[in-house]
Amino acid sequence: MSTRNTLIKVLAVSTAFGLATGCTPKTQLLTPGAVDQPVTMGLSGSDFAQAASDAVQSMLTSGAVDRSDGKKNIMVVSTVLNDTMQRIDTDQLVKKIRVDLLRSGKVLTTTAIGLNGAEDRMTQAYGELSQSRKVDRSTLVRQRLAAPNMSLSGKIIQRNNRVDGNQQLVEYYFQLTLTDLANGLAIWEGETPIRKLGSAKGTSW
Amino acid sequence: MQIRNGVLAAAALALLGCQTQPQPPTDYPQLQIGPRAQSYLQIEAVQEGYASSDLLRAGVRLYNRSNQQQTLRYRFSWFDANGFELKGLASRWEQHPLRPAEPVMIDRVAPSPKAVRYRIQLFDPRTAPTHSTQGIDG
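Bear in mind that the values here come from a model prediction, so they are computed numbers and not experimental data. (Residues numbered from 1 in each chain as written. Chains lettered and ligands numbered in written order. Predicted model: local features only at pLDDT ≥ 70, side-chain atom pairs only at ≥ 80, totals over all residues. Heavy atoms only, no water.)

Engineer: Could you clarify how one ought to interpret the overall build of chain A in this entry?
Structural biologist: Counting secondary structure elements, chain A contains four helices and five strands. In chain A, the succession of helices and strands from N to C terminus is α-α-β-α-β-α-β-β-β. The long-range share in chain A, meaning contacts at least 24 apart out of those at least 6 apart in sequence, stands at 67%. Accessible surface, chain A: about 13400 Å² in total, of which carbon and sulfur atoms supply 53%. (Helix = DSSP H or I, 4+ residues; strand = E, 2+ residues; numbered from the N terminus. Contact = heavy atoms within 4.5 Å. Areas by Shrake-Rupley, 256 points an atom, 1.4 Å probe, with all protein chains shown as cover.)

Engineer: What should I look at first to understand the overall build of chain B in this one?
Structural biologist: Within chain B one finds two helices and eight strands. N-terminal to C-terminal, the α/β element order of chain B is α-β-α-β-β-β-β-β-β-β. Taking all 138 residues of chain B together, the buried fraction comes to 43%. By sequence separation, contacts in chain B at least 24 residues apart represent 65% of the contacts at least 6 residues apart. Accessible surface, chain B as shown: approximately 7400 Å² in total, 53% of it carbon and sulfur. (Buried < 20%, exposed > 50% of the residue type's maximum accessible area, 1.4 Å probe, protein only.)

Engineer: Any chance you could explain the sheet that holds strand β1 (residues 73–83) of chain A here in plain terms?
Structural biologist: Adjacent strands of a sheet form backbone hydrogen bonds with each other and so pair up, either parallel or antiparallel. Residues and elements named next belong to chain A. Within the open sheet, the five strands sit side by side as β2-β1-β3-β4-β5. Their pairing is mixed. Bordering the open sheet on either side are β2 (107–109) and β5 (185–199), each of which pairs with just one other strand. Between one strand axis and the next, the sheet turns by 30 degrees as a mean value, whatever way the strands run. Helix-sheet contacts for helix α2 (residues 45–62) involve β3 (150–162), β4 (167–180) and β5, and the interaxial angle to β5 is about 150 degrees. (Pairing = 2+ DSSP bridges. Axes fitted to C-alpha atoms, helices over the stretch in contact; angles between N-to-C directions.)

Engineer: Please explain the sheet that holds strand β3 (residues 55–64) of chain B as it appears in this structure.
Structural biologist: Ordered by their spatial adjacency, three strands build an open sheet running β2-β3-β7 (chain B), and the pairing between neighbours is antiparallel. Each end of this open sheet is capped by a strand with a single partner; those strands are β2 (41–51) and β7 (104–109) of chain B. Across this sheet, the average inter-strand angle for adjacent strands is 15 degrees, counted without regard to direction. Bridge count for β2(B) against β3(B) is 10 bridges, and the pairing is antiparallel. In the sheet register, B:Gln47 faces β3(B), and the bridge partner there is B:Gly59. Sitting on the sheet, α2(A) is in contact with β2, β3 and β7 of chain B, with an inclination near 85 degrees to β7(B).

Engineer: Looking at this structure, how should I read α2(A)?
Structural biologist: For an α-helix the count is 3.6 residues per turn, leaving residues at separations of three or four pointing the same way. All names here are of chain A. End to end, α2 covers 26 Å across 18 residues, agreeing with the expected 26 Å (1.5 Å per residue, within 8%). Of the positions making up α2, those classed as buried are Asp47, Phe48, Ala49, Ala51, Ala52, Ser53, Ala55, Val56, Gln57, Met59 and Leu60. One or two steps after α2, the chain reaches Gly63, where phi turns positive at roughly 85 degrees. (Expected span 1.5 Å × (residues − 1).)

Engineer: In this structure, what is going on with the nonpolar core? I would like to understand it.
Structural biologist: Generally speaking, soluble globular proteins have nonpolar side chains that are buried together. A:Met75, A:Leu93, A:Ile97, A:Phe174 and A:Leu178 are the most contacted members of the largest nonpolar core, which has 35 residues in total. Those elements that provide at least two residues to this core are α2, β1, α3 (91–104), β3, β4 and β5 of chain A. One finds B:Leu31, B:Ile43, B:Tyr74 and B:Phe76 within the second-largest nonpolar core, a separate group that totals 26 residues. (Core = buried A, V, L, I, M, F, W, Y, C linked by side-chain atoms within 4.5 Å.)

Engineer: Help me out: how do you make sense of the side chain of A:Glu171 in this one?
Structural biologist: Residues and elements named next belong to chain A. Turning to its location among the elements, Glu171 is positioned in strand β4. In terms of polar contacts, Glu171 uses its side chain to reach the side chain of Arg195, at 3.0 Å. Among residues more than four places away in sequence, those in contact with Glu171 are Ile157, Gln158, Arg159, Asn161, Ile194 and Arg195. (Polar contact = N/O pair within 3.5 Å; in protein donor to acceptor, adjacent residues only side chain to side chain.)

Engineer: I tried to follow the pattern of salt bridges on my own but got confused; where do I start?
Structural biologist: Pairing between side chains of opposite charge can happen when their charged atoms approach one another. Residues and elements named next belong to chain B. Tallying each qualifying case throughout the model produces 13 salt bridges over all chains. With a closest N to O distance of 2.9 Å, Asp107 and Arg57 form a salt bridge. With Asp107 in strand β7 and Arg57 in strand β3, this pair connects stretches of sequence that are 50 residues apart. Taking the relative accessible area as the measure of exposure, Arg57 reaches 31% and is therefore partly exposed. Here Asp124 and Arg126 are joined by a salt bridge, their closest N and O atoms 2.9 Å apart. What makes Arg126 exposed here is its relative accessible area of 51%. Where salt bridges share partners, they join Arg92, Glu94 and Arg108 into one cluster. (Salt bridge = Lys/Arg side-chain N within 4 Å of Asp/Glu carboxyl O.)

Engineer: Help me understand the interface of chain B and chain A, please; the structure alone is not making it clear to me.
Structural biologist: By a frequent convention, interface size equals the accessible area lost on bringing the separate parts together. Each partner contributes to the interface: chain B provides 25 residues, whereas chain A provides 20 residues. Taking both sides of the interface into account, the surface hidden between chain B and chain A amounts to around 1700 Å²; carbon and sulfur atoms contribute 50%. Where chain B packs against chain A, one counts one salt bridge. Between A:Lys106 and B:Asp54 there is a salt bridge, with the nearest N and O atoms lying 2.6 Å from each other. (Buried area = accessible area lost by both parts, 1.4 Å probe.)

Engineer: What is the right way to look at the packing of aromatic side chains in this model?
Structural biologist: How two aromatic rings sit relative to each other is given by the distance of their centres and the angle of their planes. All names here are of chain B. Counted by the stated rule, this structure contains five aromatic pairs over all chains. Seen from their ring centres, Tyr74 and Phe76 are 6.2 Å apart, and the 85 degrees between their planes marks the pair as edge-to-face. Note on Trp93 and Phe123: the rings are 5.8 Å apart at their centroids and 70 degrees apart in plane angle, and the pair reads as edge-to-face. You can see Trp93 sitting in the loop between β5 (85–86) and β6 (94–98) and its partner Phe123 sitting in strand β8 (residues 117–123), a full 30 residues away along the chain. Across the pair, Phe123 and Trp93 agree in class, each one buried. Three or more aromatic residues joined by ring pairs make a cluster, and in this case those are Tyr74, Phe76, Trp78 and Tyr118. (Phe/Tyr/Trp six-rings, centres within 6.5 Å; stacked < 30°, edge-to-face > 60°.)

Written out as structure tokens, the structure is:
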């Protein structure tokens, strides 16, 4: 009797295990830009790429980052506010813009100056190396930090609206401004709206 | 023997006629249009110029000649003087809805001043990825 019970238990456990593993969705590596990309109600990487691409294309075609003296613009990243219901790192947007502006050859971004201190604190630490006896001073270079001439700031906004009993419209607005630090005037402004319609049961945070 | 050769030649021609590989339209060698998109796309012009003084800018003006709304999937690829592809946000696969007969202009600025050549791929999202380079992003 006990052998039979044990056999039944083993069979039940192995069946349950088999079902559980069989029903587990397979982990897939998504190819960037593939047709069958999953669409989420929240913000995904492709939304940030879309907003960043729109911003850079608009900046380049507007002539806002053109200089007639052959020099490059030095940009500092100011505040990009996250006014959405999601916990997102706005660097997902800003980094894409920085990378593309750098590639364009028009804009360099300073990592030594920022509202919350230097992004790369090594610049300041390097300045203190001259005080150290351990460092061969002949290998030190004199620091002259480049001051920025433009600032990038912005905000990401989210609005949720119930369309009917079953659906909700989630709207995101990526608002960005490029300010000329010499006079405080906005020399470029852009807004990319991204709208998603989906089930009201789903959450976007 | 002659009949068999004739049948073989006809079969080969039929197969060639049925091929679904994307073909560049002869008027616009920079364009690569997928077989399904080719059935409803009407290309009006391909334009190029410069933005921000030294960045290559390219665009295509087109419309949907079918009676139904379509979705166009497109990508701009940029190449340097040595033929190497330049990566950037301007090389992403993107989509655009096409309402019947509505003229649409799609244009992009090259990611770098090194870009000297470009290619514009126009596909229908329903085209099987095996027939194109769809899915490979910049």
